[in-house]
Amino acid sequence: MDDVAAISRLKFRYLRALDTKSWEEFADTMIPEATATYSEYLQFESRDAFLAFMRNTLGPHVITEHRCDHPEIDVEGDTATGTWYLADTVLIPAHNMLLRGAAFYTDRYTRCDDGQWRIAHTGYERTYEVVLSLSDLPSLRLTSSRWGLIAREDGIAPVEREPGAAPVREEPEAE
């Protein structure tokens, strides 16, 4: 596999691991010294600090979708840089909130001793972000989620199930 394809695959694995909350796999996409910058107020100086933040803020109580495309990747030996166009959606049922946005990621990569590319730095600059109250969308219903959240007439409710297990479908009670 050529380097550009390997780096693209790395970024896609990073996004999938983030959205599925596969934290060990997410951590493996980065070197231990990896840094991340999302604004002047949100900066991380290690993979462990970044991972702890992501686990706490984007745990199973938050549903996310991150999509990156239009990669511009430049490789120079065992280092590379990449710019990606991000579109993301974040749904936080407990706060009755939906966030939608776009940004441009700027990444640095390094080829590690095992021959695999990993992220040395990641971060993005937003082009826009909108936040909506789910109360403003009365017809919106969350009918399925990996973490067992479903919509009911009185709001979003958890349904006990393990991620990866077959979805639980609750039938409405007969009147």
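Here, every reference points to the structure presented above.
Everything quoted here is computed from the prediction, not taken from an experiment.

(A) Structural context of the pattern of salt bridges. Under the counting rule described, the total for this entry stands at 10 salt bridges. When the shortest N-O distance is used, the salt bridge between Asp88 and Arg126 registers 2.8 Å. Here the residue Asp88 occupies a position in strand E4 (residues 79-92), and Arg126 occupies one in strand E6 (residues 117-133), the gap between them amounting to 38 residues.

(B) Broad picture of the packing of aromatic side chains. Tallied over the entire structure, the rule returns 12 aromatic pairs. One aromatic cluster is present, formed by Tyr14, Trp23, Phe26, Tyr38, Phe44, Phe50, Phe53, Tyr105 and Tyr124 through successive ring pairs. We note Lys11 situated over the ring of Tyr14; from NZ or CZ to the ring centre the distance is 4.8 Å. Here the basic side chain of Lys11 rests over the ring of Tyr105, its NZ or CZ set 3.4 Å away from the ring centre.

(C) Region of the structure containing the nonpolar core. Ranked by internal contacts, the top residues of the largest apolar core, which has 34 residues, are Tyr14, Phe26, Phe50, Met54, Tyr105 and Tyr109. Elements with a contribution of two residues or more to this core: helix H1 (3-19), helix H2 (23-28), strand E1 (30-39), helix H3 (47-57), strand E3 (63-76), E4, strand E5 (97-111) and E6. If one sorts the elements of this core by residue count, H1 sits on top with six residues. What Phe26 contacts, discounting residues up to four positions off in sequence, is Tyr14, Ala17, Leu18, Phe50, Leu51 and Met54. By size, the runner-up hydrophobic cluster in this structure holds five residues, among which are Ile63, Leu91, Leu98 and Leu142.

Rules behind the numbers
- Residues numbered from 1 in each chain as written.
- Predicted model: local features only at pLDDT ≥ 70, side-chain atom pairs only at ≥ 80, totals over all residues.
- Heavy atoms only, no water.
- Salt bridge = Lys/Arg side-chain N within 4 Å of Asp/Glu carboxyl O.
- Helix = DSSP H or I, 4+ residues; strand = E, 2+ residues; numbered from the N terminus.
- Phe/Tyr/Trp six-rings, centres within 6.5 Å; stacked < 30°, edge-to-face > 60°.
- Lys NZ or Arg CZ within 6 Å of the ring centre and 35° of its normal.
- Core = buried A, V, L, I, M, F, W, Y, C linked by side-chain atoms within 4.5 Å.
- Buried < 20%, exposed > 50% of the residue type's maximum accessible area, 1.4 Å probe, protein only.
- Contact = heavy atoms within 4.5 Å.

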